[in-house]
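Coordinates in review
Residues per chain, in single letters:
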Amino acid sequence: MDRNKLYPWYFTSGALIIFFLLCFLPGIIGILYSFTDWNNFTDKINFIGIKNYLEVFQGKSEYRMYIWNTVVFTTITTIMKTIVGLILALLLTQKVIKLKNFHRMVIFSPQVMSYLVVGLVFKSMLHPQTGFLNGFLNSIGLDFLAINWLTDLKWVFPTVMSVDTWKGMGYIMVVIIAGLMSISPDYYEAANIDGANFWEKFRSITLPLLKPIIINVTILNVTYGFRVFDMIYSLTNGGPGNATGVINTAVYKEFSKGNYAMGTTLSSILFFVLLFSLYFIIKSMENKEVEM
C-alpha cells in the first residue's frame, strides 16, 4: 500500500488516542468511581453498587432538589434567551433602526465578560441595603419594589435566571442575526406582493427558515444550563440555604467535603441527563429543518 495513503490514518489514529485518553477514559473512570465509597478519610475504596444513586433519589434527599433546580434553570433560561435574542435580532435587522452595529455591540458586550465577574458585579448591585437597584428604586419613590433580591426565597432564583439571561442573550442575538441575514430577500418580496403583513411573513418565512439556527442555539443553551456553576456560585453560592443549588454546586460541595464518590455520582447523573436531553432535542427536531 502506498505510504502516502497511510498518512491520514496516522493523524486520525493519533487524534482518537488523545481523545480517548484525555476525554473518554476520565469520564469512564468517573462513572466507575460513582459505584464506590471513595472519600478523603480512608485509602481503601470499596465497591458499593448503586447505593450512591439510591441516596440521590431517595425521598428526603436534598440532591433531588439540586437536580430539579438544574432542570428548571436550564428550561427557563433557554426559553428566555431564545425569545429575547430573537426579538432583539428582529429589531436590529430593521432598516428603520439607526446605528444598528452600535446597538448590537452594546447588547453583545456582556458576553465577553466572565460569568464570575458578572455575578460579583450584580451581587453588589442587588445588595438590599447598599445596592444600586434598591437605592434607585427608593430614590424615585418605588420603595415597595425594593426587595431582598438574593436572599428572599421567592425572588432569588428568578433573579439569578434573569441575570444569566442578560449575560447570554447577546450571543443568541448575534447568532440569530446571522441566520436572518442569510435568508434571501426574494421570499419577503414575494410575500409583499401577496400583501402579507409582518406576522404572516414571520410565521411563514422567517421562523421556518430559522429552525436550524434555533435548534443550534437551543443545544448551546441547554448544554450551558445543565453545566451552570460560576454564575450561581458568584451570586448566591447556592443559597439562601440550598434554594439556588444546582448539580454542579452540589458536586463542588461534595468534593470540598472529601466525599468524592458522591461528587462523581452527581457528575455522572449530570452527564446522562444532559446526554438524554440533547438526544431528545435533536430527535424531536430532526427532519423538521427547512432548506434555505
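None of these values were measured; they are calculated from a predicted model.

**So, the packing of helix H4 (residues 100-108) against helix H7 (residues 156-181)**
The geometry of H4 relative to H7 is characterised by a closest axis approach of 7 Å and an angle of 140° between their N-to-C directions. Overall, the two elements H4 and H7 adopt an arrangement that is oblique. From H4, Arg 104, Ile 107 and Phe 108 reach across to H7, where they touch Met 169, Gly 170, Tyr 171, Met 173, Val 174 and Ile 177.

**Description of the side chain of Thr 82**
Tracing the backbone shows Thr 82 in helix H3 (residues 63-91). Judged by relative accessible area, which is 14%, Thr 82 ranks as buried. Polar contacts involving the side chain of Thr 82 include one to the main-chain carbonyl oxygen of Thr 78, which spans 2.7 Å. If we skip the residues at most four places from it in the chain, Thr 82 touches Ile 172, Ile 176, Ile 214, Val 217 and Asn 221.

**Some thoughts on the packing of aromatic side chains**
For the structure shown, the criterion picks out 15 aromatic pairs. Relative to Tyr 66, the ring of Tyr 63 has its centre 6.2 Å away and its plane inclined at 50°; by these criteria the two rings are tilted. Of the two residues, Tyr 63 and Tyr 66 are both situated in helix H3; the distance of three residues between them amounts to about one turn of the helix. For the pair shown, Tyr 63 and Tyr 66 are each scored as buried. Members of the aromatic cluster, connected to one another through ring pairs, are Tyr 33, Trp 38, Phe 255 and Tyr 260. Positioned above the aromatic ring of Tyr 115, the side-chain terminus of Lys 167 is 4.0 Å from the ring centre.

**Here's the deal with the UniProt feature "transmembrane region" (unreviewed entry) in the protein chain**
Per the UniProt entry, the sites bearing "transmembrane region" (unreviewed entry) are residues 7-33, 66-93, 105-126, 168-188, 209-229 and 260-282 in this numbering. The annotated region residues 209-229 carries 86% helix and 0% strand content, and the separation between its end C-alpha atoms amounts to 34 Å.

**Some words on the side chain of Asn 69**
Locating Asn 69 in the fold gives a position in helix H3. Setting aside anything within four residues of it in sequence, one finds Asn 69 in contact with Phe 157, Asn 242, Ala 243, Thr 244, Gly 245 and Val 246.

**Quick word on the environment of Met 125**
Of note, Met 125 is situated in helix H5 (residues 115-125). Judged by relative accessible area, Met 125 falls into the partly exposed class, the value being 29%. Residues Met 125 and Phe 136 lie 11 residues apart in sequence; the distance between their C-alpha atoms is 10 Å. If we skip the residues at most four places from it in the chain, Met 125 touches Gly 131, Phe 132 and Leu 133.

**Quick look at the layout of surface pockets**
In this structure, the largest pocket encloses a volume near 570 Å³. Where the lining of the largest pocket is concerned, the elements lending two or more residues are H4, H7, helix H8 (185-193) and helix H9 (198-209). Ranked by the residues each element gives to the lining of the largest pocket, the list is headed by H9, at four residues. The class makeup of the residues in the lining of the largest pocket is eight nonpolar, four polar and four charged. Here the second largest pocket defines a volume of roughly 200 Å³. In terms of lining, the second largest pocket is formed by Cys 23, Phe 24, Pro 26, Gly 27, Ile 28, Gly 30, Ile 31, Thr 264, Ser 267, Ser 268 and Phe 271. The set of elements that each furnish at least two residues to the lining of the second largest pocket consists of helix H1 (3-33) and helix H13 (260-285). A per-element tally of the lining of the second largest pocket places H1 first, with seven residues. Its residues assigned to classes, the lining of the second largest pocket comprises six nonpolar, five polar and no charged.

**Section: the UniProt feature "domain: ABC transmembrane type-1" (unreviewed entry) in the protein chain**
UniProt records the feature "domain: ABC transmembrane type-1" (unreviewed entry) at residues 67-283, using the numbering of this structure. Secondary structure across residues 67-283 comprises 72% helix and 0% strand; the distance between its end C-alpha atoms is 23 Å.

**Comments concerning a nonpolar patch on the surface**
Side chains of Ile 17, Ile 18, Phe 19, Phe 20, Leu 21, Leu 22, Phe 24, Ile 28 and Leu 32 sit close together on the surface and give an oily, nonpolar patch of about 900 Å² of accessible area. Within the secondary structure layout, Leu 22 lies in helix H1. The class of Leu 22 is exposed, set by a relative accessible area of 63%.

What counts, and where the lines are drawn
Residues numbered from 1 in each chain as written. Predicted model: local features only at pLDDT ≥ 70, side-chain atom pairs only at ≥ 80, totals over all residues. Heavy atoms only, no water. Axes fitted to C-alpha atoms, helices over the stretch in contact; angles between N-to-C directions. Helix = DSSP H or I, 4+ residues; strand = E, 2+ residues; numbered from the N terminus. Parallel < 35°, antiparallel > 145°, perpendicular 65-115°, else oblique. Contact = heavy atoms within 4.5 Å. Buried < 20%, exposed > 50% of the residue type's maximum accessible area, 1.4 Å probe, protein only. Polar contact = N/O pair within 3.5 Å; in protein donor to acceptor, adjacent residues only side chain to side chain. Phe/Tyr/Trp six-rings, centres within 6.5 Å; stacked < 30°, edge-to-face > 60°. Lys NZ or Arg CZ within 6 Å of the ring centre and 35° of its normal. UniProt positions renumbered as here; feature names shortened; annotations may be inferred. 1 Å grid on protein atoms, 1.4 Å probe; cavity = no way out; pocket = protein on both sides within 12 Å on 5 of 7 lines; lining within 4 Å. Points joined across faces, edges and corners; volume = space filled by probe spheres on them. Nonpolar A, V, L, I, M, F, W, Y, C, P; charged D, E, K, R; others polar. Patch = residues over 30% accessible without salt bridge, like charges linked within 9 Å, V, L, I, M, F, W, Y side chains within 5 Å. Areas by Shrake-Rupley, 256 points an atom, 1.4 Å probe, with all protein chains shown as cover. Salt bridge = Lys/Arg side-chain N within 4 Å of Asp/Glu carboxyl O.

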